[in-house]
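# A look at the structure
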Amino acid sequence: MQVNRRSVAIKRRINAAVAYVLALLAVAFFALPLFWIALSSVKSDADVSAYPPVWFFEPTLANFRELFVKLNAWDALLNSVFIVCISTILAMMLGTMAAYALARFSIRGKESVALQVLSIRMMPSIVSVIPLFIIARELGVFDTPWLLIVIYALNGLPFVVWVMRVFIQDVPKSIEEAAMIDGCGRYEVFLRITLPLVVPGLAAVLVIIFMFSWNEYLFASMLTSSEAKTLPVVAANAIKPKAIAWGLSSAAAVVMSLPVIILVLSAQRYLVRGLTLGAVKG
Amino acid sequence: MSIQVRGLSKRFGGYTAVRSLDFDIADGEFFVLLGPSGCGKTTTLRMIAGLDVPNDGLVRIRGRDVTYAEPRHRDIAMVFQDYGLYPNMTVFKNIEFPLKVRKVTPPERRQKVLATAERLGIADLLDRKPAKISGGQRQRVSLARALVRNPHVFLMDEPLSNLDAKLRATMRTEIKQLVANLGITTVYVTHDQVEAMSMADRIGIMSKGDMIQIGKPLDVYDNPRSRFVAQFMGSPPMNLFPLHFSSERKIECKLQPFADALPESQLTRAQDLAGSGLSFLLGVRPEHLSVVPPSTAGAVEAEIDFVEPLGQTTNLHVHSNATPFTIVAGRTSARAGQTVGVAADPAHLRVVEDDPRPA
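Cut-offs used in this document
Residues numbered from 1 in each chain as written. Chains lettered and ligands numbered in written order. Predicted model: local features only at pLDDT ≥ 70, side-chain atom pairs only at ≥ 80, totals over all residues. Helix = DSSP H or I, 4+ residues; strand = E, 2+ residues; numbered from the N terminus. Rg over C-alpha atoms; globule rule 2.2 N^0.38 Å. Contact = placed C-beta atoms within 7 Å. Domains from an automatic or database assignment. Nonpolar A, V, L, I, M, F, W, Y, C, P; charged D, E, K, R; others polar. Pairing = 2+ DSSP bridges. Axes fitted to C-alpha atoms, helices over the stretch in contact; angles between N-to-C directions. pLDDT = per-residue confidence, 0-100. Core = buried A, V, L, I, M, F, W, Y, C linked by C-beta atoms within 7 Å. Buried ≥ 20, exposed ≤ 12 C-beta atoms within 10 Å, placed from the backbone. Parallel < 35°, antiparallel > 145°, perpendicular 65-115°, else oblique. Left-handed = near helix turned anticlockwise from the far one by under 90°. Expected span 1.5 Å × (residues − 1).

### Section: the overall build of chain A
Check the secondary structure of chain A and you find 13 helices and zero strands. Listing the helices and strands of chain A from first to last along the sequence gives α-α-α-α-α-α-α-α-α-α-α-α-α. Scaling as 2.2 N^0.38, a compact globule of 282 residues should have a C-alpha radius of gyration of about 19 Å, whereas chain A reaches 24 Å, well beyond that. Taking the principal axes of the C-alpha coordinates as reference, chain A spans close to 85 × 70 × 30 Å. When contacts within chain A are restricted to residue pairs at least 6 apart in sequence, long-range pairs at least 24 apart make up 78% of them.

This is how it looks when you write it as structure tokens:
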């Protein structure tokens, strides 16, 4: 018995060790490119293109200087933050309310309404960009943040509607009915009871549509020229006529990743549950 | 009058869930809506609550027409089958919620929540979330949340059906006492006839969207209006035997001694039913039959098929003249295969209207 028990304990410990090693390998696999980008962003042009790669070098902020001083990345960053935040908030608010209506009310033909909403995403962006360009010019909104805000909000909307609808359907109806009996009207039920219960879903959806818009390049490059330029457009400047400026490109990547990382970290508490898409019921 | 229901109907597409109900519930009365699943009892309750809107008819609470009023404007509270607790709030916050929505001041809220929790024996659970307490405790929380703001009407939708048998029995008495002490008008939905019998001041029995019979529990039990009520109430159910008038206007039954023993009042009822062209049955509760020596005068001779001893009583399943029926006796030495006499208490023989055959 004694021996047996000890051997079981040892086996368990070995299993745990193997699991840790595998997890570390997986982390390394996904994190190495990020680490490499961060490293490259503080290398000089010579160090970046050195082969074999150098691990020890004189770090420099030249790439960041070029990005912010020469390419006006600061303005683009502010544009990006403004455009993406407003469009994300719009998509979240409108989308969640639409999702609630589609989940809870009996509306004639609501399935086809839901499909119509989804169909916005069925058309490839490249097809709509030229008509949008012409429309924007006619309306006089070309190269303004409002144009991108509307486009990004519309782009995010179907995703919000479809995912939040599933989350809202998962909230038992009797909870909402209890709230109505307890004295809430429909809006109060939605705001005080349903929304707090779908926070994990809201967090996951918010992060995902934020990233859609934050990284969006095609619309941003075609529908802005100088005033409403966003970060991805500036980052594309790293592609120079003769070669790609890897250092500059890495610096841009670092600047672009930071807000997303901060967002994900602050929402992490909810994300783990949200990304299972309601599969695990509390 | 606390609640008045007039001509209340609800259709879902082509399906009629509730058909033209009329009933009144008095102040402080404990009214039970009883019926098998799908009979429309929950839909009726939901229309009183304002969670469903009727297609026809009206609901009055305290004389005010609330047919189309929102639930929050009806001065009602409700306990749900699955409790409907807010999973993200602690027990305290759950109970406090109706007061908070109604803008009661925080000190008063606190005091009322504590008093209600104390009364229901859940004062030590106030900091926990609903997921961390047992089914019976959740039920108490949901009762507390309903009681905390002292509603005029208390609605309960099968509140005990998710509990185990033993807990159900305790909660049954507890709810009944609680509501009786507070004197709140209560509408209670259940499919369990024991719950209905033990708790109700009056029972309304529903079947397929119709109200079949309304009455005090024992009245309904003793004088079931139809085959459905006779068989739904009581366990084992009432014994029913086809009954008809012969061409010589004599009443006839396969167990003729029982038919011969029918009291005058029941015979009149049989004649009335026959006059309206309705078919009817002879009904007698198993506990009103007794085992007597064979060939006793006025008794039916029956053979015992099997014996179910339940401790306090014994169910004897017997047949006579190819008609099976059940007797509830005390302790007995009777064995399967034995032939016995069965006597009926004439005072408890009933004429029961047959249900219309499904078309």
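### Concerning the overall build of chain B
If you tally the helices and strands in chain B, you get 10 helices and 19 strands. Based on the C-alpha atoms only, the size of chain B along its principal axes is roughly 75 × 45 × 35 Å. In chain B, the proportion of contacts linking residues at least 24 apart, taken out of those at least 6 apart, comes to 66%.

### Considerations on the domain arrangement of chain A
Residue and element names in this part refer to chain A. When the domains of chain A are assigned, the result is domain 1 (2–41) and domain 2 (65–274). Put simply, the middle of domain 1 and the middle of domain 2, counted by C-alpha atoms, are 36 Å apart. Contact with domain 1, which involves four residues of that partner, is made by six residues of domain 2. Its residues placed into classes, the side of domain 1 that touches domain 2 shows two nonpolar, two polar and no charged.

### Comments concerning the environment of Met238 of chain B
Residues and elements named next belong to chain B. Relative to the assigned elements, Met238 resides in the loop between helix 8 (227–232) and strand 11 (239–245). Between the alpha carbons of Met238 and Glu287 there is a distance of 9.1 Å; along the sequence they are 49 residues apart. Among all residues touching Met238, those that are not within four sequence positions of it are Pro224, Ala230, Gln231, Gly283, Val284 and Arg285.

### Comments concerning the sheet that holds strand 10 (residues 210–215) of chain B
Hydrogen bonds between backbone atoms are what pair the strands of a sheet, whose relative direction is either parallel or antiparallel. Residue and element names in this part refer to chain B. Taken in spatial order, the six strands line up as 6-7-8-3-9-10 in an open sheet, and their pairing is mixed. In this open sheet, the two edge strands, each paired with only one partner strand, are strand 6 (76–79) and strand 10. Ignoring which end each strand starts from, the neighbouring axes of this sheet average 15° apart. Taken together, the five bridges between strand 7 (residues 153–157) and strand 8 (residues 185–190) define a ladder with parallel strand orientation. Bridged to Asp157 within strand 8 is Val189.

### Re the pairing of strand 11 of chain B
All names here are of chain B. Both strand 11 and strand 13 (residues 280–284) contribute to a ladder of five bridges, which runs antiparallel. Paired with Asn239 across the bridge in strand 13 is Val284. The antiparallel hairpin formed by strand 11 and strand 12 (residues 251–253) contains five residues in its connecting segment, where Arg249 sits at a positive phi of about 60°.

### A look at the interface of chain A and chain B
Where interface size is quoted, it is often the accessible area lost as the parts come together. Listed as interface residues are 16 residues of chain A and, on the opposing side, 19 residues of chain B. Listing elements by their share of the side of chain A that touches chain B, those giving two or more residues are helix 8 (173–181) and helix 9 (186–197) of chain A. By residue number, the principal contributor to the side of chain A that touches chain B is helix 8 of chain A, which donates six residues. Grouping the amino acids of the side of chain A that touches chain B by side-chain chemistry returns nine nonpolar, four polar and three charged.

### Concerning the confidence of the model for chain A
As a note on interpretation, predicted positions should not be read in detail where pLDDT is low. All names here are of chain A. When pLDDT is averaged along chain A, the result is 89, and 95% of the positions lie at 70 or above. Between the elements of chain A, mean pLDDT differs from a low of 83, seen in helix 2 (residues 45–49), to a high of 95, seen in helix 4 (residues 73–104). A low-confidence stretch, residues 277–282 stays under pLDDT 50, and its non-local contacts, those more than four residues away or across chains, total nine contacts.

### Concerning unusual backbone geometry
Along the chain, Tyr51 of chain A connects to Pro52 of chain A via a cis peptide bond; the corresponding omega equals -5°. Take Pro52 of chain A: it is sitting in the loop between helix 2 and helix 3 (62–70). Residue Pro236 of chain B follows Ser235 of chain B across a cis peptide bond; omega there is -5°. Positive phi, close to 55°, is recorded for Asn72 of chain A, a residue that is not glycine.

### Examining the nonpolar core
The biggest cluster of nonpolar side chains holds 157 residues, and the ones touching the most others in it are Leu148 and Val160 of chain A together with Leu155 and Val187 of chain B. Excluding anything up to four places from it in sequence, Leu155 of chain B contacts Leu45, Ile48, Ala49, Ile76, Met78 and Val187 of chain B.

### A look at the domain arrangement of chain B
What the domain assignment lists for chain B is domain 1 (3–222) and domain 2 (238–353). For domain 1 of chain B and domain 2 of chain B, the distance between their C-alpha centres works out to 39 Å.

### Let's talk about the environment of Gly234 of chain B
Residues and elements named next belong to chain B. Mapped onto the elements, Gly234 comes out in the loop between helix 8 and strand 11. A C-alpha to C-alpha distance of 8.2 Å links Gly234 and Arg285, two positions 51 residues apart in sequence. Setting aside its immediate chain neighbours within four residues, Gly234 contacts Tyr221 and Arg285.

### Focus on the packing of helix 2 (residues 91–101) of chain B against helix 3 (residues 106–119) of chain B
All names here are of chain B. At a minimum axis separation of 9 Å, helix 2 and helix 3 run at an interaxial angle of 130°. Regarding the angle of helix 2 to helix 3, the classification is oblique. The chirality of how helix 2 crosses helix 3 is right-handed. Residue-level contacts link Phe92, Ile95, Glu96, Leu99 and Lys100 of helix 2 to Arg109, Lys112, Val113, Thr116 and Ala117 of helix 3. Its residues placed into classes, the contact of helix 2 with helix 3 shows five nonpolar, one polar and four charged.

### Notes on helix 4 (residues 135–147) of chain B
Residue and element names in this part refer to chain B. For helix 4, spanning 13 residues, the distance from its first C-alpha to its last is 18 Å, which sits close to the expected 18 Å at 1.5 Å a residue. Within helix 4, 10 of the 13 residues are buried, leaving the element largely enclosed by the surrounding structure. Tucked into the core, helix 4 has its buried residues touching strand 6, helix 2, helix 3, strand 7 and helix 5 (165–182).

### Remarks on the packing of helix 2 of chain B against helix 4 of chain B
Residues and elements named next belong to chain B. For the pair helix 2 and helix 4, interaxial distance at closest approach is 7 Å and the crossing angle is 30°. When the interaxial angle is binned, helix 2 and helix 4 end up roughly parallel. Both helix 2 and helix 4 take part in a crossing whose hand is right-handed. Between helix 2 and helix 4, the residues in contact are Val91, Asn94, Ile95, Phe97 and Pro98 and Val141, Ala144 and Arg145, respectively. Class assignment for the residues of the contact of helix 2 with helix 4 results in six nonpolar, one polar and one charged.

### Digging into the sheet that holds strand 12 of chain B
Residues and elements named next belong to chain B. As summarised here, the arrangement of the four strands in space is 12-11-13-19, forming an open sheet in which the pairing is antiparallel. Two strands close off the open sheet at either side, each with one partner strand: strand 12 and strand 19 (350–353). Each strand axis lies, on average, 40° off the axis of its neighbour in the sheet, ignoring direction. Pairing geometry for strand 13 and strand 19, over four bridges, is antiparallel. The partner of Gly283 across the bridge, within strand 19, is Arg350. Running at roughly 20° to strand 19, helix 10 (residues 264–275) makes contact with strand 11, strand 12, strand 13 and strand 19 of the sheet.

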